Amino acid sequence: MAKTSSAKKSSTTLLLVVFLMAAAAAFMALKAATDRVSREKLPGSSIIYIPSGKFLKYATFGYRAVAADAIYLWAIQYYSTPTIDDRFDHLDHIFAIINELDPRYQDPYEVGALIAVQEARNPAAAFSILDRGAANNPDQWVYPFNAGHVALMTLKDYPLAEKYFEQCMKIPGAPEFVERLRANAIFKKGDLRTSWETWLEIYKKAPDERTKKIASNHLYNVKATIDAAAVDDAAAKYRERFGRPPSDLETLFRTGFLREVPKDMDGQDYLYDPATGKVKTVTSPWRR
Amino acid sequence: MKIGAIAGITFKEAKRDRILYLLFFFAALGIGGARVLAILTVGDRVKIIKDVGLASISLFGVLMAILIGTGLVYKEIDKKTIFTLLSKPLHRAEFILGKFLGLVLTLFVMTLFMSLIFLAIVFAHTLKIEGTLLVAVGYIFLELVLVTAVAILFSSFSTPILSSLFALAFYLIGHLSWGLELILKKMAPGAGKTLVRFLYTVLPDLENFNFRTEVVHGLPIPPGIYLSSFLYGVCYTAFILGLAVLVFRRRDFI
Amino acid sequence: MADAIRIDNLQKKFRLGFIPKTRQILKGITFSVREGEIFGYLGPNGAGKTTTIKCLLGLIRPDAGTIEIFGRSHFSPRSRQTLGFLPENPYFYDYLTATEFLAFTADLFGLGRVEKEERIARLLKLVGLERAAGLPLRKFSRGMLQRAGLAQALINDPKLVILDEPLGGMDPIGRKEIRDIIVRFKDEGKTVFFTSHILQDIEMICDRVAIIVGGRIVKEGALRDLVSERILFTEVTVSGLSPDAFRDLGESISAQGDRVLLKVYDESKVDAVLDLVHGQKGRLVSLSPRTETLEDIFVETVTRT
C-alpha cells in the first residue's frame, strides 16, 4: 500500500515535469513563430547609435510613445519660453530624441523645423529634422515639401530646392503644383535648357486650362530669358568689336552675331534698348 | 467545482483589498489626465489621449496583478487559513488554479472598468470606437494574466515584498527581450551565443502583447501575429502555473 | 474492526533557521486508532502532537513511515473525503459569515445545493450558532469560533473526526457540550481522534490513549488498562475529634473548625480510623478513595522520559 502511494506521488510529479517541458517547448516554438512575423518596425529606430535617444528607448519599457509625447510636450513649453537664451543650442538633438522614440509622430518634425527656421534661424537643423522625418515616414510628402521651401525661401539654394521638390513629387499624394515648384527652382538655378524641357513636360501633361496657362507663361518666360541671354551675349560681342552696342536686332543679325532675330513665344518682337544692348518682353510673362 | 469555489472566495477577498481601488483611482486619473494633457500639445490631440490611456491601463493593471497576486498565497499561509483548506479533499493544484482564476476574474473586472472610461473619453473626442483599440486592450489583459501567474508562482514560496520584486523584474525583463536580440546579432558564433540564444528564447517576450504603437498610429497588424501571440501567452502562462503547482506540492506547512 | 488510522514508523525532521539546524521532531511514531472509538493523543508541549496531525492531513510530508486512513494512503486527497478536522486555533476567512463559510466548505466537498442548505442549518443548530449565522467571523468570540470550527469539521458527515485541542479556551459549560457532542459521535459510529491538555476530559470520554513524549510514543493502550484501579490513598474527613488522635494512622492535611481532613495511605488503616471515629463519638463527614488518575500516569511518564 505504502509503496504504491509514494510511487503514485512521484508519477504525478513526473507527469507535471513532462507537462512543464511540453509547455516550455510550446512557448519557445511560438516565440520563434512570432518573431518571424514581421511587425511593421518603425523605420529608422536603430540605425545610428546616438547615445541619448537610444538609452531613453531602452529605459522606457514599452512606453516609448508616451515618453515621446511627454518630451514633446515639454519641448513645446521649453521653446515657448523666451527668457531661456540658449534654448536653441540643442534643438536638433532634442527633437532627434522625440523622433527616435516615436518615429511616426508627425507633429514634432514639422514643428521642430518651424522653430528651427523661424526662431532659431538655423536652417541646417531644420533640414536635419525634416530629413529624419522623410526617412522615417517615406509616405509623407510634407517633409521634403517643407524642406524645399526652406531651401527656396530662406537659403535661396535652388539646386537644393530642386532636389527636395523632386523627392516630394515622387511621393503618392503630393500636390500637383510641386512639379511646378521644381521646374521653377531649376529655372532659378540657371539651367534654362532643362527648365524649358521641364515646363514643356508640364504643359503637355496639364490636366486643365489653368495649369496649361501657367505652364505656358513659364515657357514664355524661359524662352524670353534664353533669348535675352543670347541677345545680351551677341550685343556684348558686337560692342567689343565695334565699340558701341548695335542700334537694333536686325543689325546684329546682319552682322552675323545673332543667328536669327528672336521673337517671343507668341510671335511678338522683343523690345530692344540700344543704350544697354538688352531686350525686354512686350508684356509681362504673367499677364499674357 | 472545487476550483470554482476557491476562485469565488479569492475574488471576494481580492475585491476587498483597498489597493485595488487606489490603483484604479490613479488609472482613472491618468486616463482622464490625458484629456488635459492633450490641450497642451500642438497637433494631434487624440494620439496623446490614446497613448496615455492605454499606458495607464497597462501600467496600473500590472501593478494590480503584482501587488494583489503576491499576497494571495502568502496571506493564506501566514494567517494559517490554509490548514483548514488543505485538510479538505483538495489537490494542491486545484488550490493554485483556483487562486489564479479568482485573481484573473478580479483583473478582468478592473480592466473592463478602466477600458470603459478610456473608450468613453476617446469616443468623446473622435465620435467613434475603433475595434483596434479593443484589440490593444485585449492583449494588455493577456499580458496581465501572465503576470498574475508569475505573481502567484512567487507568492507560493516567498514573502510579498520579495515576490513583488521578482514579479516586477520578470515584467521588465519581458520588455527588454529585443535588447537580447540586438546583442545576438552582434555576437560571434560560439558557446556564448548559444547561451544568449537560449536565454532569449526562454525569457519572456512581453512585447508580443504590445500592440499599442500600431493601434495608435493606425499601422496594419499582420494577422498571423494574433494567433501566435495569443498561444504564446497561453503556453507561457501554463508553464508558469505548472511550476507553481510543482513548487506548492512539495511545501510543508509548519 | 478495521483501523480508522494506522501510523507506522512515522519520522519527520525540520531544518530551521538561516544556517539550517536539523531537529528531529518525530522519531518513529507507531500507533493505530480503531474504527468507532474515541482516541486521546496526549503529550507535553513540543512533543510532536500537532506535527503528527499535520502529517495525517497531508500538510507535511513525512521523511519516512506510512500513514493509512481507512486503509487508503493518506497522500490521495480522497482519503480526506470522509474526514473532518478542527485545528487548534481556528483560522478562517474572517470576512465571511458563518453561513457563507460553511457553504464554501460544503462546496469543497462537492455537496449538492439542497443537501448543503440542510446540513448548514442542522450544524449551526447543533453547535449553538443559529443566531450568529449572519455575522462575519471576525466578530466572533473565541468560543464561537471554536463552535464554527466544529461545524465546518462536520459538514461532510465524516467517519473520522480529528480535533486538535477542541476543549481549550472554553468555559465549563462549553466543555461539557463539546464532550457530549463527541460522545454522540461515537454513538453515531464515528471515530474520534483528538489531542488535549485537559486530562480529566480525556479520562471521561476516551476509549484508548497514546502518550507521545519527545517524538516517541511511550504509552499506548486502552484507558482501562493504563489506569489501574489501585487506590493511592483515601481521603477521610471527620469532625468532632482532634487531629492528634490520628497521628499514627494517617497524615492530617488540614484542620478547620472542628473538621479534620486526613490522607490515609495504608488501606488497612482506614478501618482503624473508622473505629476510632466511632469509639470517640466523632462524626464521619466523608470518605473518598483516590485511585490512580490519568494525570498521575502522565506526570510519571513524562518525568521518567
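Here is what the cut-offs are and how they apply
- Residues numbered from 1 in each chain as written.
- Chains lettered and ligands numbered in written order.
- Predicted model: local features only at pLDDT ≥ 70, side-chain atom pairs only at ≥ 80, totals over all residues.
- Helix = DSSP H or I, 4+ residues; strand = E, 2+ residues; numbered from the N terminus.
- Buried ≥ 20, exposed ≤ 12 C-beta atoms within 10 Å, placed from the backbone.
- Contact = placed C-beta atoms within 7 Å.
- Rg over C-alpha atoms; globule rule 2.2 N^0.38 Å.
- Nonpolar A, V, L, I, M, F, W, Y, C, P; charged D, E, K, R; others polar.
- Domains from an automatic or database assignment.
- Pairing = 2+ DSSP bridges.
- Axes fitted to C-alpha atoms, helices over the stretch in contact; angles between N-to-C directions.
- pLDDT = per-residue confidence, 0-100.
- Parallel < 35°, antiparallel > 145°, perpendicular 65-115°, else oblique.
- Left-handed = near helix turned anticlockwise from the far one by under 90°.
- Core = buried A, V, L, I, M, F, W, Y, C linked by C-beta atoms within 7 Å.
- Expected span 1.5 Å × (residues − 1).
- Bend = angle between axes of the 7 residues up to and from the residue.

### Concerning the overall build of chain A
Secondary structure assignment for chain A yields twelve helices and two strands. Reading chain A from its N terminus to its C terminus gives the helix and strand order α-α-α-α-α-α-α-α-α-α-α-α-β-β. When burial is assessed residue by residue, chain A has 35% of its 288 residues classed as buried. Across chain A, the fraction of contacts at a sequence separation of at least 24, relative to all contacts at a separation of at least 6, is 50%.

### Details of the overall build of chain C
Tallying secondary structure elements over chain C gives nine helices and 14 strands in all. For 305 residues, the compact-globule formula gives about 19 Å, and the C-alpha radius of gyration of chain C, at 24 Å, lies well above that figure. If one aligns the C-alpha atoms of chain C with their principal axes, the spans along those axes are about 75 × 50 × 45 Å. Residues classed as buried in chain C amount to 38% of the 305 residues present. Here the contacts in chain C between residues at least 6 apart in sequence split such that 69% fall between residues at least 24 apart.

### Describing the environment of E207 of chain B
Here E207 of chain B is to be found in the loop between α9 (191-202) and α10 (212-217). Note: C-alpha distance between E207 of chain B and E13 of chain B (194 residues apart in sequence) is 31 Å.

### Notes on the interface of chain B and chain A
Taken together, the contact pairs 41 residues of chain B with 28 residues of chain A. The set of elements that each furnish at least two residues to the side of chain B that touches chain A consists of α2 (18-40), α3 (45-78), α7 (160-175), α9, α10 and α11 (224-249) of chain B. Considering every element that reaches the side of chain B that touches chain A, the biggest residue donor is α11 of chain B, with 14 residues. Here the side of chain B that touches chain A is composed, by residue class, of 22 nonpolar, 13 polar and six charged.

### Some details on unusual backbone geometry
Despite not being glycine, L127 of chain B shows a phi value in the positive range, around 55°. Along the chain, L127 of chain B falls in the loop between α5 (92-126) and α6 (131-155). The phi angle at F70 of chain C is positive, at roughly 50°, despite the residue not being glycine. Along the polypeptide, F70 of chain C turns up in the loop between β4 (64-69) and β5 (72-73). For F70 of chain C, a count of 18 C-beta atoms within 10 Å puts it in the partly exposed group.

### Let's talk about the environment of G33 of chain B
Residue and element names in this part refer to chain B. In this fold, G33 is placed in helix α2. A count of 15 C-beta atoms within 10 Å places G33 in the partly exposed class. G33 sits 45 residues away from D78 along the chain, and the two C-alpha atoms are 39 Å apart.

### Section: the domain arrangement of chain A
What the domain assignment lists for chain A is domain 1 (51-137) and domain 2 (191-288). The distance between the C-alpha centroids of domain 1 of chain A and domain 2 of chain A comes to 48 Å.

### A word on the sheet that holds strand β8 (residues 191-195) of chain C
Residues and elements named next belong to chain C. As summarised here, the arrangement of the six strands in space is β6-β7-β8-β3-β9-β10, forming an open sheet in which the pairing is mixed. The strands lining the two open edges of the sheet, one partner per strand, are β6 (83-86) and β10 (216-222). When the angles between neighbouring strand axes are averaged without regard to direction, this sheet yields 15°. Alignment of strand β3 (residues 38-42) against strand β9 (residues 208-213), held across four bridges, turns out to be parallel. From the neighbouring strand, F39 faces β9, where its bridge partner is R208.

### As for the confidence of the model for chain C
With 97% of its residues at a pLDDT of 70 or more, chain C has an overall mean of 85. The ipTM assigned to the predicted complex is 0.83, against a pTM of 0.74.

### A short note on the packing of helix α1 (residues 2-14) of chain B against α5 of chain B
Residues and elements named next belong to chain B. Relative orientation of the contacting elements α1 and α5 amounts to 45°, with a least axis distance of 7 Å. As judged from the angle between their axes, α1 and α5 are oblique. Here α1 runs over α5; the crossing is right-handed. Across from K2, I3, I6, A7, G8, T10, F11 and A14 in α1, the residues of α5 making contact are E94, F95, L97, G98, K99, L101, G102, L103, L105 and T106. Within the contact of α1 with α5, the residues separate by chemical class into ten nonpolar, five polar and three charged.

### Thoughts on the pairing of strand β13 (residues 259-264) of chain C
Residues and elements named next belong to chain C. Burial along β13 is one-sided: V260, L262 and V264 are buried, and none of R259, L261 and K263, which face the opposite way, are. Note that strand β11 (residues 231-239) and β13 share six bridges and pair antiparallel. Along β13, the bridge assignment pairs T234 with V264.

### Examining the nonpolar core
Here is a general trend for soluble globular proteins: nonpolar side chains tend to be buried in one another's company. Counting 198 residues, the largest nonpolar core has V147 and V150 of chain B together with A151 of chain C as the members making the most contacts within it. With 16 residues, α3 of chain B is the largest single contributor of residues to this core. Among all residues touching A151 of chain C, those that are not within four sequence positions of it are L102, L123, L124, V127 and L129 of chain C. Ranked by size, the runner-up nonpolar core spans ten residues in total, among them A234, Y238, L258 and Y272 of chain A.

### What to know about the confidence of the model for chain A
When pLDDT is averaged along chain A, the result is 84, and 89% of the positions lie at 70 or above. Below a pLDDT of 50 lies the segment residues 42-51 of chain A, which in the model reaches eleven contacts outside its immediate sequence neighbourhood of four places, other chains included.

### Here we look at the sheet that holds strand β1 (residues 3-16) of chain C
Residue and element names in this part refer to chain C. If you walk across this open sheet you meet the four strands as β2-β1-β4-β5, and the pairing is antiparallel. Strand pairing shows two members of the sheet lacking a second neighbour, β2 (21-34) and β5, which therefore form its edges. Bridge analysis of β1 against β4 gives five bridges, and the strand direction is antiparallel. The residue of β4 that forms the bridge with Q11 is A64. Here helix α1 (residues 49-57) sits on the sheet and contacts β1, β2 and β4; the angle it forms with β1, its principal contact strand, is near 115°.

### A short note on the domain arrangement of chain C
Residue and element names in this part refer to chain C. Taken domain by domain, chain C holds domain 1 (3-226) and domain 2 (231-304). Inter-centroid distance (C-alpha atoms) of domain 1 to domain 2 is 41 Å. Counting residues at the interface gives ten residues for domain 1 and seven residues for domain 2. Among the secondary structure elements, those contributing two or more residues to the side of domain 1 that touches domain 2 are α6 (199-205), β9 and β10. If one sorts the elements of the side of domain 1 that touches domain 2 by residue count, α6 sits on top with three residues. When grouped by side-chain class, the residues that make up the side of domain 1 that touches domain 2 number eight nonpolar, no polar and two charged.

### Quick look at the pairing of β1 of chain C
All names here are of chain C. Bridge count between β1 and β2: eleven bridges; the pairing is antiparallel. Bridge pairing links K13 to Q24 in β2. The turn linking β1 back onto β2 is made up of four residues, and G17 within it adopts a positive phi angle of 90°.

### Considerations on α2 of chain B
Residue and element names in this part refer to chain B. Taking 1.5 Å of rise per residue, 23 residues should cover 33 Å, and α2 covers 33 Å from first to last C-alpha, within 8% of that figure. When the local axis directions of α2 are compared, the greatest deviation, roughly 30°, occurs at A34. Those residues of α2 that fall on the buried side of the exposure criterion are L20, L23, A27, G30, I31, A34 and A38. Here the buried face of α2 lies against α1, α3 and α5.

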